[in-house]
Amino acid sequence: MKEIDNITRSALDGRRVLIVEDEPFIAFDLADAIESAGGTVVGPAATVRQALALIDTEQVEAAILDVNLPDGDIGPVIAALTNEDVQLLVHTGAGLGPELERQYPSLRVFSKPTPPPVLASVLAATLAQRRDQPHS
Amino acid sequence: MGQFIRSYPWSETPLGSPTTWPQSLRSALSICLHSSFPTAIYWGPELRLLYNDAWAPIPADRHPLALGRPAADVWADIWDVVGPQFEHVMQTGEGFSVFDQMLPMVRNGLRQETYWNYSFTAIRGEDGSVVGVFNQGNETTHAVLARRQAEAELERMGNMFAQAPSAVAMLAGPDHVFEVVNTAYEELVGRKDLIGRPVAEVLPEVVTQGFIELLDRVFETGEPFVGRAVSVELSRTPGGPMEERLIDFVYQPLTNVAGLRSGVFVQATDVTHAARAEDALRASEAKYEAMVNAIDQMLWSTRPDGFHDYYNDRWYEYTGMPYGSTDGEAWNGMFHPDDQERAWQVWRQSLATGEPYHIEYRLRHRSGQYRWVIGRAQCIRDANGEIMRWFGTCTDIHDLKEAEEARQLLLREMNHRVKNLFAIASGMITMTARTAPSVNEMSERLRGRLGALAKAHELIRSAIATDADSSQKSSLLSLVEEVTRPHVEPADGRQLSISGPEVWLGKDASTSLALIFHELATNAAKYGALHSHDGAIAIEWAVADDQLELHWKETVADREIHPPTLAGFGSKLANSSATGQLRGEISYDWRASGVHIHFRLPMEQLQR
């Protein structure tokens, strides 16, 4: 655990991670995990509207997304972030739903409750891989 | 013929020249020649033949050679019959006559049976002795043959009567005397000695059953009577018990040649067995009908080719279609358009293979609604394995299916909620651990937060339990009461007042508000009105413009309140919930007498 924390900490160092989650306890828990891993939390946003506003104004490199939000499903947020080439990870109780699953078949979906440190380390590992690959 | 006789060479015969003929012969010949009836004279010991024109056709091809010839020569073919008759007349002088005498004459070379009426009368000579025979006669062959044919016909009819499978009798006269009966009739009534006796005498048991009156009426009016499956009580063995038979019968009046009523023709068929079998069949069919209509299912049946020719009453009640209107292939039109082709395919497969038919489809109810139905059918086969019929049922499973869908939905929903609760609890633990100064304090706070969460769920759950149809709503009043009341200890003089109209909350909003009120109450207990002696909290709300306006007003009497320099976790949570999950606003008014917190929350969001 200590080891993973260390790897995660170095991997997320300085990375800006958007959290979209309407449940405050879960949002704070996720935020805490990202910050513990050395990342910078953007949000948390509790609604689609708040999330889109943040994407407009803030730089985002990765995101942990809930699916069902008070003002609708996460679809518009995924669309906005896919364009930006951001590492996405979905954390949901009910699943993506058939429509979004068809639209984004390669999206990684984690069922609630997944411990926030696990989500943080998955994001860290993905970002580390991408950093190793030469960009064109 | 007279001319012919005169020119005959009589001198060459024993009769000699006509000039020498005695008066008796002349007289007889005169009568003969003047008669228009066939007449001949046989004269002398040899019975030489003389005859008139009417007689000439009798010997047929032997005329005219027969003239003057001896009778034994002319009638050689029938001499064994007529010879003795001539002999008798010649010997005794007695007249002789015979009717319909058969004479096996040879005509045109063929021996034929011929029949005759004829008479021989002795002619006496001057001395009184018999000298000739005066013969008159005519052929009756045609009449005899016709009569014989009629008799044969009658006998054949009689045989047919006797052998007829149905009972036949002919009753004569007003007393209905048995004239003819056949075996079948004898068997029907169980008696043989019927002929010549009246019905009332030999069948006394039918008198009281009205059959004699019926016969009387037919005899009197001449109108036939036809009875169908009429019950008759008969004693069919001598002295035996009365036995009921069911009879089809006809009483046909008979009229003789004179146009007078002569009797009644009776023809009867014992239909007891058929009638009873028919009754049994009807009873069986009625039982079957009662059974198939006593059940809830729709039943139907088809021919081997799948042609629907039976539906029970349930089908017609359910679909509201007129009886018979869905025969043949019209059933398919009752299915939902999206299910028609699929049902046809499954049905055709079953018809082709004999495999049981099993399908779920939507059937048009008489209300116009398409309802889910299970269709099943099986065929029955004959001894050769050929399909004889198909029998099928339709069972309405619409309510079951909807209940099952609702159950699945609820199950999925509960599954999500449980997962979400664990996620919240997990977050609570992390966040409480991070902010609590000690393990005891952490344990205390965690218990409080989990308690608030549990109360929110308790309210939602009881709402589900009391009204399965309500979409998991809880009352704002109950929620505020349940969550804040435990923090207030009235014994210390602290007061809690809650007032506002009834507002129903969705399950998500219930959870959020429970956690918010819990945090506010906890803060009040730590720093505010519930920490002070004689403190009070007033929670009031109203709904305006689809917004819930809720005021949390704390009053502290014994000290002055200051805003906190750093927002605690509880406040952060309240803010986040109010602005995020509930998409509303929250504002704080820090007064020295206590904090006033104002929420403006959209009603729409509170329904979630």
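About the thresholds
Residues numbered from 1 in each chain as written. Chains lettered and ligands numbered in written order. Predicted model: local features only at pLDDT ≥ 70, side-chain atom pairs only at ≥ 80, totals over all residues. Heavy atoms only, no water. Helix = DSSP H or I, 4+ residues; strand = E, 2+ residues; numbered from the N terminus. Buried < 20%, exposed > 50% of the residue type's maximum accessible area, 1.4 Å probe, protein only. Areas by Shrake-Rupley, 256 points an atom, 1.4 Å probe, with all protein chains shown as cover. Rg over C-alpha atoms; globule rule 2.2 N^0.38 Å. Contact = heavy atoms within 4.5 Å. Lys, Arg positive; Asp, Glu negative; His and termini not counted. Charge placed at Lys NZ, Arg CZ, Asp CG, Glu CD. Domains from an automatic or database assignment. Salt bridge = Lys/Arg side-chain N within 4 Å of Asp/Glu carboxyl O. Polar contact = N/O pair within 3.5 Å; in protein donor to acceptor, adjacent residues only side chain to side chain. Phe/Tyr/Trp six-rings, centres within 6.5 Å; stacked < 30°, edge-to-face > 60°. Pairing = 2+ DSSP bridges. Axes fitted to C-alpha atoms, helices over the stretch in contact; angles between N-to-C directions.

Bringing the overall build of chain A into the picture now. Scanning chain A from terminus to terminus reveals six helices and seven strands. The linear arrangement of helices and strands in chain A, starting from the amino end, is α-β-α-β-α-β-β-β-α-β-α-β-α. For chain A, the proportion of its 136 residues judged to be buried stands at 51%. About 6,300 Å² of surface is accessible on chain A, with carbon and sulfur atoms providing 50% of the total.

Attention now goes to the overall build of chain B. Broken down by element type, chain B carries 17 helices and 22 strands. The C-alpha radius of gyration computed for chain B amounts to 63 Å, which surpasses the reference 25 Å derived for 608 residues by more than 25%, pointing to a less compact arrangement than a globule. With the C-alpha coordinates of chain B rotated into their principal frame, the extents come out at 200 × 55 × 45 Å. Across the 608 residues of chain B, 42% fall into the buried class. Sequence separation of at least 24 residues holds for 50% of the intrachain contacts in chain B that already meet a minimum separation of 6. In the structure as shown, chain B presents an accessible area of about 32,100 Å², 55% of it carried by carbon and sulfur atoms. Positive and negative side-chain charges in chain B, numbering 56 and 80 respectively, have mean positions lying 9 Å apart.

Split into domains, chain B comes out as domain 1 (2-145), domain 2 (164-275), domain 3 (295-396) and domain 4 (404-606). Each of domain 2 of chain B and domain 4 of chain B has a C-alpha centre, and these two points are 105 Å apart.

Before going further, it helps to spend a moment on the pattern of salt bridges. Residue and element names in this part refer to chain B. Tallying each qualifying case throughout the model produces 43 salt bridges over all chains. Arg276 serves as the salt-bridge partner of Glu244, at 3.3 Å between the closest nitrogen and oxygen. Of this pair, Glu244 sits in strand β9 (residues 242-255) while Arg276 sits in helix α9 (residues 272-294), and the two are 32 residues apart along the sequence. Between Glu278 and Arg282 there is a salt bridge, with the nearest N and O atoms lying 2.6 Å from each other. Of this pair, Glu278 and Arg282 are both found in helix α9, four residues apart, which corresponds to roughly one turn of the helix. For Glu278, a relative accessible area of 40% gives the class partly exposed. Among the ionic contacts, a cluster of salt bridges with common partners joins Arg236, Glu243, Arg245 and Asp270.

Another aspect to go through is the side chain of Arg245 of chain B. All names here are of chain B. Considering the arrangement of structural elements, one finds Arg245 in strand β9. Among the residues examined, Arg245 registers a relative accessible area of 16% and is labelled buried. A distance of 2.9 Å separates polar atoms of two side chains, one belonging to Arg245 and the other to Asp270. Polar contacts involving the side chain of Arg245 include one to the side chain of Thr272, which spans 3.4 Å. Ignoring anything within four residues of it in the chain, the contact list for Arg245 reads Val230, Ser231, Val232, Leu234, Arg236, Asp270 and Thr272.

To continue, consider the packing of aromatic side chains. Residue and element names in this part refer to chain B. As enumerated under the stated definition, the model contains 27 aromatic pairs over all chains in all. Here Tyr8 and Trp10 contribute two aromatic rings whose centre-to-centre distance is 4.5 Å and whose plane-to-plane angle is 55 degrees, an arrangement assigned as tilted. Taking the relative accessible area as the measure of exposure, Tyr8 reaches 22% and is therefore partly exposed. With a centroid separation of 4.8 Å and an interplanar angle of 55 degrees, the aromatic rings of Phe249 and Tyr251 are classed as tilted.

Sheets are built from strands that pair by backbone hydrogen bonding, the pairs being arranged parallel or antiparallel. Residue and element names in this part refer to chain B. Within the open sheet, the five strands sit side by side as β2-β1-β5-β4-β3. Their pairing is antiparallel. Two strands in the sheet have a free side with no partner beyond their single neighbour: β2 (48-51) and β3 (96-107). Across the sheet, the mean angle from the axis of one strand to that of its neighbour is 35 degrees, orientation sign disregarded. Relative to β2, strand β1 (residues 39-43) runs antiparallel, the two being bridged by four bridges. Of the residues in β2, the one forming a bridge with Ile41 is Leu50. Packed on one face of the sheet, helix α5 (residues 141-163) meets β3, β4 (110-124) and β5 (130-139) and runs near 125 degrees to β4.

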